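Observations on the model geometry
Each chain is listed here by its residues.
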Amino acid sequence: MRPEPFALLMTVYGGDREEYVQAAFRSAVDDQTLRPHQVVLVQDGPVGPALERCLAGLVAASPVEVTFIRLADNRGLGPALDAGLHASRYDIVARMDADDVAMPHRFQLQVPLVQEGADLVGAGLLEFGADVGDIVGRRTPPSDPHDIARYSRLHDPFNHPTVVYRRSAVIAAGGYGDLPLMEDYWLFVRMIANGAKVVNVAEPLVYYRVGDGAYERRGGRDLLRSELRLQREMRREGFISPPQYVRNVVVRGGYRLVPTLIRRPVYRWVVAPYWARRNRAEDGPDAPGTGTARPAGGYVPRHARDRAPGPLYGAPETPAPTADKP
């Protein structure tokens, strides 16, 4: 089957470092075994002279077409991504963060899964420090649709820097919107609620940069406010029940307030190994791509609710880990 054309969506802002942006761009374009047909590059607000020169150089030297969008003011990640989505000429869109590194075979693996019927495909990632040889952690997401739907009631089931999706499915769910620091999780919840076909590739396909401030940014009062807003929206939509809402506020809200010295080991030593073990145990006849994926744990998509009998979330939940993914 001939690969369907797709676009790469990247955003940059004034806080990005030019050497990181350059490495991210080249890894996702020049070095890919399956290159995008269009790059949508969104500059979210003013940037310094060095980064401006870097962006101009990348656009000029790109081996594929670049659609460069310059936003006069810094609007935040969600609105910047929405602007980029509307500039895409293709329905398949791959996300890439401006400080990560894509593995050369990333799109060769993910794009065919979208072409075969998935609306949203994520992947595992490797966390690195100084360079990609300095691996400090691994994130293995739930890969079966059953586990993705169940996991999403407490955690973001996708590593946002790794996703490839149908633009039409994202827009049908309302786009990213403006929920700072939680825009990706809120989008994925709404896509699942709309009946989107979702899957994760457990294999790492992206190197994810974790600098000194990576875990600090996953806590604090600003993130707590966004967290509480997210939980209210999920409860209002009926995606989580009132008891699940209380649990999420206690578990996820509490996680945002604990010191970084506690937050870091809780994820690396408890949450990540837990889901890596689950995926290995379930890598069998029910694995994605075999045609025998299980139903999504009692969850009824929004479009099917009127004709579905029984409670919206009728199946019992498997106990989930009690710490958030950073």
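The rules we used
- Residues numbered from 1 in each chain as written.
- Predicted model: local features only at pLDDT ≥ 70, side-chain atom pairs only at ≥ 80, totals over all residues.
- Heavy atoms only, no water.
- Helix = DSSP H or I, 4+ residues; strand = E, 2+ residues; numbered from the N terminus.
- Contact = heavy atoms within 4.5 Å.
- Phe/Tyr/Trp six-rings, centres within 6.5 Å; stacked < 30°, edge-to-face > 60°.
- Buried < 20%, exposed > 50% of the residue type's maximum accessible area, 1.4 Å probe, protein only.
- Lys NZ or Arg CZ within 6 Å of the ring centre and 35° of its normal.

In this structure, Q231 sits in helix α8 (residues 221–237). When near neighbours in sequence (up to four residues on either side) are disregarded, Q231 contacts I240, Y245, N248, V249 and R252.

Further remarks concern unusual backbone geometry. With a phi angle near 75°, L181 is a residue other than glycine that sits in the positive phi range. Tracing the backbone through its elements, the reader meets L181 in the loop between α6 (167–172) and α7 (183–193).

In this section: the packing of aromatic side chains. Using the criterion set out here, one finds 3 aromatic pairs in the structure. Considering the side-chain rings of F6 and F107, the 5.2 Å spacing of their centres and the 65° angle between planes classify their relative orientation as edge-to-face. Pair noted here: F6 is in strand β1 (residues 6–12) and F107 is in helix α4 (residues 106–115), with a separation of 101 residues, a long-range link. Residue F6 shares its accessibility class with F107, and that shared class is buried. Ring centres of F128 and Y207 lie 6.4 Å apart, and the angle between their planes is 85°; this geometry places the pair in the edge-to-face category. Here F128 is found in strand β6 (residues 120–128), whereas its partner Y207 is found in strand β9 (residues 198–209), with 79 residues between them in sequence. The ring centre of Y208 lies 4.6 Å from the NZ or CZ of R139, which sits over that ring.

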